[in-house]
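An overview of the molecular structure
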Amino acid sequence: MAQASANVNVMIKAARKAARSLLRDFGEVENLQVSSKGPGDFVSRADTRAEQLIREELTEARPNYGWVGEESAEVKGADPTRRWIVDPLDGTTNFLHGMPHWAISIALEHKGEIVAGVVYDPVKDEMFVAEKGAGAYINDRRLRVSGRKDLLEMIFATGIPFGARTDLPPALREIAAVATVSAGVRRMGSAALDLAYVAAGRVDGFWERGLNAWDLAAGVILVREAGGMTGPLVEGGDPLTGGGVVAGNANVFEPLTKLLRAA
């Protein structure tokens with residue numbers, strides 16, 4: 001991003017600082033797989049430490065802004081119109097298993113609207129950046145969503161509920177509905193990167209239920225600034241408050257949303 005704003009530069013700096021810590025920790029995960037205790041506690045500490053580094057960097061630069069992070073309580077800022085929305089490690093399960101597909105997600109919200117976002121994949125050194133009205137970029141190269149029009153040529157990304165979550169049946173119906181009319185569905189394990197990949201044209205669309213604001217805030221503006229569309233999975237819902245999200249290029253967004261809601 002040739003002419004990034006001061007806020008975006010702060011976000012990039014914070015993401016890179018946390019990335020250095022996470023990459024060191026990621027290098028240790030494989031060694032921990034064979035221990036009897038396992039790497040779970042270690043990864044939890046890595047996650048928390050990364051958030052602390054990001055928070056310190058952002059707060060030092062913008063002390064009046066509010067804060068919402070996955071690993072800590074929300075903080076109201078002296079400036080009530082602006083807040084950071086941060087996921088220090090999106091793709092924790094991948095990280096935990098030594099899979100090199102995870103990211104740091106930082107967004108800036110102003111008066112209820114996401115106005116800037118950074119999604120950084122440290123393993124691949126891919127920095128996705130977007131700012132309202134300024135476009136979306138990966139490592140200074142402009143991003144555009146795919147131009148495909150035929151569903152049969154498109155691939156889609158999603159998440160699959162696990163553990164004790166009760167929304168597995170509808171998620172499986174949605175996957176079946178999309179898989180039968182497309183070139184395939186991918187479950188890669190990081191919603192932030194899924195949205196970044198929509199922005200980059202690597203996948204044509206993405207949807208998922210039950211996400212939190214920090215999972216998708218930065219990714220949503222990436223898609224929009226790359227020429228794509230985003231909206232709620234549930235009619236009348238709000239992606240940032242748990243209403244699920246649908247994202248895609250302009251050709252597929254409405255057909256995909258309609259297909260998913262009918263599933």
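Residues numbered from 1 in each chain as written. Predicted model: local features only at pLDDT ≥ 70, side-chain atom pairs only at ≥ 80, totals over all residues. Heavy atoms only, no water.

Attention now goes to helix 5 (residues 191-199). Within helix 5, 9 of the 9 residues are buried, which leaves the element mostly enclosed by the surrounding structure. Considered for burial, the residues of helix 5 that qualify are Ala191, Ala192, Leu193, Asp194, Leu195, Ala196, Tyr197, Val198 and Ala199. A positive phi of about 75° marks glycine 201, the residue just after helix 5. (Buried < 20%, exposed > 50% of the residue type's maximum accessible area, 1.4 Å probe, protein only. Helix = DSSP H or I, 4+ residues; strand = E, 2+ residues; numbered from the N terminus.)

Once that is clear, we can look at unusual backbone geometry. Phi at lysine 111 is positive, roughly 55°, even though this residue is not glycine. The phi dihedral of aspartate 125 is positive, around 50°, even though this residue is not glycine. As for its position among the elements, aspartate 125 is in the loop between strand 5 (113-121) and strand 6 (126-131).

Position of methionine 188 relative to the elements: it lies in the loop between strand 10 (184-186) and helix 5. Given the relative accessible area of 23%, methionine 188 is considered partly exposed. The sequence separation of methionine 188 and methionine 154 amounts to 34 residues, and the corresponding C-alpha distance is 16 Å. Once residues lying within four places of it in the same chain are set aside, the contact partners of methionine 188 are Asn94, His101, Ala157, Thr158, Asp194, Tyr197 and Val203. (Contact = heavy atoms within 4.5 Å.)

What follows deals with the side chain of aspartate 90. Tracing the chain through its elements places aspartate 90 in strand 3 (residues 82-90). Arginine 187 provides the closest opposite charge to the buried, salt-bridge-free aspartate 90, at an N-O distance of 8.6 Å. Within polar-contact distance, the side chain of aspartate 90 engages the side chain of serine 190 at 2.6 Å. A polar atom in the side chain of aspartate 90 sits 3.0 Å from the backbone nitrogen of alanine 192. Setting aside its immediate chain neighbours within four residues, aspartate 90 contacts Trp102, Ala103, Ser190, Ala191, Ala192, Leu193 and Asp215. (Lys, Arg positive; Asp, Glu negative; His and termini not counted. Salt bridge = Lys/Arg side-chain N within 4 Å of Asp/Glu carboxyl O. Polar contact = N/O pair within 3.5 Å; in protein donor to acceptor, adjacent residues only side chain to side chain.)

This next bit is on the pairing of strand 4 (residues 103-110). Burial runs high along strand 4: 7 of the 8 residues are buried. In this structure, strand 3 lies alongside strand 4, joined through 7 bridges in antiparallel fashion. In the sheet register, isoleucine 85 faces strand 4, and the bridge partner there is alanine 107. In the sheet, strand 4 pairs with strand 5 via 7 bridges, with the strands oriented antiparallel. (Pairing = 2+ DSSP bridges.)

Another point: the pattern of salt bridges. Across all of its chains, the model carries 13 salt bridges by this definition. The closest approach of N and O atoms between glutamate 113 and lysine 132, which form a salt bridge, is 3.1 Å. With a gap of 19 residues between them, glutamate 113 in strand 5 and lysine 132 in the loop between strand 6 and strand 7 (135-138) connect regions that are remote in the sequence. Connected through shared salt-bridge partners, Glu74, Lys76, Arg83 and Glu109 make up one network.

Quick look at the packing of helix 4 (residues 168-179) against helix 7 (residues 253-262) now. The angle between the axes and the distance between the axes are what describe a pair of packed helices. Two elements in contact, helix 4 and helix 7, have axes whose closest approach is 8 Å; the angle formed by their N-to-C orientations is 135°. Between helix 4 and helix 7, the interaxial angle falls into the category oblique. Crossing handedness for the pair helix 4 and helix 7: right-handed. Each of Glu174, Ala177 and Val178 in helix 4 lies in contact with helix 7, whose residues at this interface are Leu256, Leu259 and Leu260. Residue composition of the contact of helix 4 with helix 7, by class: 5 nonpolar, no polar and 1 charged. (Axes fitted to C-alpha atoms, helices over the stretch in contact; angles between N-to-C directions. Parallel < 35°, antiparallel > 145°, perpendicular 65-115°, else oblique. Left-handed = near helix turned anticlockwise from the far one by under 90°. Nonpolar A, V, L, I, M, F, W, Y, C, P; charged D, E, K, R; others polar.)

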